[in-house]
Amino acid sequence: MVDVHPTAAAVAAAVAGAHRREWAFVLAATVRVTRDLDLAEECVQDAYARALDTWGAAGIPARPGAWLTTVARRRALDLLRRDATARRALPLLVTDPALAAAPAGHEPAGYEPAGPGLGAPAEPEIADDRLRLVFTCCHPALGTDAQVALSLRLLCGLSTGEVARAFLVSEATMAARITRAKKKIAAARIPYRVPPRAELPGRVDAVLMVVHLLFSTGYAAPAGDELMREDLVERSLDLARMLRVLLPGRGEVAGLLALILLTDARRGARVDEAGRLILLADQDRARWDTAKIAEGSALVREALGQEPRGRFTLMAAIAAVHDEAPTFGDTDWPQIVGLYDLLMRRWPSPVVALNRAVAVGFADGPAQGLAALDALAASPELAGYGYLSASRADFLRRLGRTGEARLAYQEALLLTGNAVERDFLAARLDQLGS
Amino acid sequence: MSQYLILIYADEAQGASVTPEDMAQLTKEHMEFGQRHADVIRGGNALQPTNTATSVRPDPAGGYTVTDGAFAETKEALGGYYLIEAADLDQALAVAKEVPTRFGGVEVRPIWEVM
């Protein structure tokens, strides 16, 4: 069961792996004991530090998550006993009656204390606890910024500094944001609970929005020198996988995981050695990740079988059509336009309309595409949206309307903050000549 | 259980133009809301419009400045409130969603509990 003499490197890798995979599991199980997020975080951090110190001598446990949970909970119980009077004054997280019935500092029902490495926490109960944490982090009474920050901090275990760097804000700003959010959870009594069935669809959508926002922020970084922030993409994939485990029957959860997999599958082909952007049309498809495509395609098929088909499922289906085309020329554009039509009905937005117009341009020719784009030009939401100018520029270029294409590229350049995208647009402008 | 104040905000300019029939209808809806949630409502009132308000601020000289009008001028003004009891924010929001409103909405604030 236990590797008796692991090297320091093996221990470090095991702790890092457990951090990546089990943080939310361990934290959620510890919150059950503390009913206080800060105290639980402190105890979980402590448990990971102890793992680094002791796994070398004692061996890497067969079930690191169970070991860490046991250690974190013991630490929590010690602290609660020691500071019982001081802590009594603190507001506790509000939970449902079953959880609240076990006063803080007592073992909850169903929890069996066990030695490190031997513990077998009741799986269904713990799985539920992770969901409580998910729904608390993504509660609609918290601002979107706060939901995203709390998710990275509490579900992924990122430090405040790491969360701050992910969103290009100072650590002090991010620390204040997280503190404010935790304070609101306590003061307004945002419950630590899985919402009742009737509210579940809306609340699951809110969680998926947060994960999708993380993914899209990572995939096309709105500012900065790199096209992608791979750390954010990886974290969004982790979270989507976790939700898939926790909410297995929900089509939109499968849809979002599929969307992330099918989009991220092209990561290796999106930029060249010099870091320059490569368009879908010009990507080396041999560099796409076939395992991710296969996994994503299977999930899309499952999600498409459930009515009503959600926004992420339809977006994933579009990504799947792209991924399954052997060459750009083989892309089934009429099917993509059809999927965008469904998406427009499900999630009407100017950006979806823009993408549909681009697909029309490939299905029916650049003149039709341009007409579809120009029909959107009056949309106030797209004013100042660089992708609209860039798409117009591309159709104008293909129609040989060089002068107008040049103007549109120049406009797109003014509107784009990402350095890699700017380089791409500048190169296209150069190719047009003068 | 905790207490929350549900503050009802509405655009007074629009509110001034309601017909007596609309007003009667809104009053009826509030009566029904009050009966439906009688077990959690601890208090509540409608307020006269902000043109009846008087603001009082201590001044640096140790006295008071008394001025005509609301404390803060906003397009949507506080027009009434309910004090309710709820186990958590979700329960409070569920009640808040049922508060009859016109030309505005409600804000839910937890009461600061003094121990």
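Please read all numbers here as calculations on a predicted model, not as lab measurements.

**Things to note about the overall build of chain B**
- Scanning chain B for helices and strands turns up three helices and six strands.
- The order of helices and strands in chain B, counted from the N terminus, is β-α-α-β-β-β-β-α-β.
- Along the first, second and third principal axes, the C-alpha atoms of chain B reach 50 × 45 × 20 Å.
- Expressed as a percentage of contacts within chain B between residues at least 6 apart in sequence, the contacts between residues at least 24 apart total 78%.

**Brief notes about unusual backbone geometry**
- The omega angle of the peptide bond from A:Glu307 to A:Pro308 is -10°, so this bond is cis rather than trans.
- Looking at where A:Pro308 falls in the secondary structure, it is placed in the loop between helix 14 (290-304) and helix 15 (311-324).
- One non-glycine residue with positive phi stands out, namely B:Phe103, at about 55°.
- Relative to the elements of secondary structure, B:Phe103 occurs in the loop between helix 3 (89-96) and strand 6 (104-110).
- Classification of B:Phe103 as partly exposed rests on a count of 16 C-beta atoms within 10 Å.

**Thoughts on the packing of helix 10 (residues 200-219) of chain A against helix 12 (residues 251-264) of chain A**
Residues and elements named next belong to chain A.
- With their axes 10 Å apart at the nearest point, helix 10 and helix 12 run at an angle of 5° to one another. Accordingly, the angle class assigned to the pair helix 10 and helix 12 is roughly parallel. Seen from helix 10, the contacting residues are Val 204, Leu 208, Val 211, His 212, Phe 215 and Tyr 219; seen from helix 12, they are Glu 252, Val 253, Leu 256, Ile 260 and Thr 263.
- Broken down by class, the residue content of the contact of helix 10 with helix 12 amounts to eight nonpolar, two polar and one charged.

**So, the sheet that holds strand 5 (residues 76-86) of chain B**
All names here are of chain B.
- Taken in spatial order, the four strands line up as 2-5-1-6 in an open sheet, and their pairing is antiparallel. The sheet is open, and its two edges are formed by strand 2 (41-46) and strand 6, each paired on a single side. With direction set aside, neighbouring strand axes in the sheet form an average angle of 20°.
- In this structure, strand 1 (residues 2-11) lies alongside strand 6, joined through seven bridges in antiparallel fashion. Following the sheet pairing, Ala 10 is matched in strand 6 by Gly 104.
- Sheet strands touched by helix 3: strand 1, strand 5 and strand 6. Its angle to strand 5, the strand with the most contacts, is close to 130°.

**Points about the interface of chain B and chain A**
- Contact with chain B, which involves seven residues of that partner, is made by eight residues of chain A.
- Looking at the side of chain B that touches chain A residue by residue, the classes come out as four nonpolar, one polar and two charged.

**Thoughts on the pairing of strand 2 of chain B**
Residues and elements named next belong to chain B.
- For strand 2, the tally of buried residues reaches only zero of six residues, placing the bulk of the element at the surface.
- Looking at chain direction, strand 2 and strand 5 are connected through five bridges and run antiparallel. Among the inter-strand pairings, Ala 46 is bridged to a residue of strand 5, identified as Gly 80.

**Section: helix 3 of chain B**
- Counting buried positions over the eight residues of helix 3 of chain B gives six, a clear majority of the element.
- Where the residues of helix 3 of chain B are buried, they touch strand 1, strand 5 and strand 6 of chain B.

**Examining the nonpolar core**
- Counting residues in each nonpolar core, the largest one holds 137 residues, and the members touching the most others are A:Leu27, A:Val211, A:Ala258, A:Ala316 and B:Ile6.
- Sort the elements by how many residues they give to this core and helix 1 (residues 8-34) of chain A lands first, with 12 residues.
- Discounting residues that sit within four places of it in the chain, A:Ala258 has contacts with A:Gly296, A:Leu299, A:Val300, A:Ala303 and A:Ala316.

**A few points about the environment of B:Ile41**
All names here are of chain B.
- Relative to the elements of secondary structure, Ile 41 occurs in strand 2.
- Taking the C-alpha atoms as reference points, Ile 41 and Leu 83, 42 residues apart in sequence, are found 6.0 Å from one another.
- Once you skip the residues sitting within four places of it in the chain, Ile 41 turns out to touch Gly 34, Tyr 82 and Ile 84.

**Description of the confidence of the model for chain B**
All names here are of chain B.
- With 99% of its residues at a pLDDT of at least 70, chain B reaches an overall mean of 94.
- The weakest mean pLDDT in chain B belongs to helix 1 (residues 12-15) at 89; the strongest belongs to strand 6 at 97.
- The ipTM value of the predicted complex is 0.86, and its pTM value is 0.83.

**Topic: the environment of A:Met174**
Residue and element names in this part refer to chain A.
- The residue Met 174 is located in helix 9 (residues 171-187) in this model.
- Among the residues examined, Met 174 registers 23 C-beta atoms within 10 Å and is labelled buried.
- A C-alpha to C-alpha distance of 37 Å links Met 174 and Ala 408, two positions 234 residues apart in sequence.

**Concerning the environment of B:Leu47**
All names here are of chain B.
- Looking at the element boundaries, Leu 47 is found in the loop between strand 2 and strand 3 (54-58).
- By the C-beta count within 10 Å, which is 13 here, Leu 47 ends up partly exposed.
- Remark: the alpha-carbon pair of Leu 47 and Asp 90, spanning 43 residues in sequence, is separated by 26 Å.

Parameters at a glance
- Residue indices begin from 1 for each chain and proceed along its sequence in written order.
- Labels follow written order: the first chain is A, the first ligand is 1, and so on.
- The model is predicted, so local features are restricted to residues of pLDDT at least 70 and side-chain atom pairs to those at 80 or more, both for listing and for counting; the totals for chains, interfaces and linings are taken over all residues.
- Secondary structure follows DSSP: runs of H or I at least 4 residues long count as helices, runs of E at least 2 residues long count as strands, and numbering of each begins at the N terminus.
- It is the C-beta atoms, placed from the backbone, that decide contacts: two residues are in contact if theirs lie within 7 Å.
- Buried means a residue has 20 or more other C-beta atoms within 10 Å of its own C-beta, exposed means 12 or fewer, and partly exposed covers the counts in between; C-beta atoms are placed from the backbone.
- Think of each axis as a best-fit line through the C-alpha atoms, taken over the contacting stretch in the case of a helix, with angles from 0 to 180 degrees between the N-to-C directions.
- Working rule for angles: under 35 degrees goes down as roughly parallel, over 145 as roughly antiparallel, 65 to 115 as roughly perpendicular, anything else as oblique.
- Each residue is assigned to one class: nonpolar for Ala, Val, Leu, Ile, Met, Phe, Trp, Tyr, Cys and Pro, charged for Asp, Glu, Lys and Arg, and polar for all the others, Gly among them.
- Two strands are counted as paired when DSSP detects at least two bridges linking them.
- Only buried residues count toward a nonpolar core: Ala, Val, Leu, Ile, Met, Phe, Trp, Tyr and Cys, linked into one set through C-beta atoms within 7 Å.
- Every residue carries a pLDDT, the predictor's confidence in it, which falls somewhere between 0 and 100.

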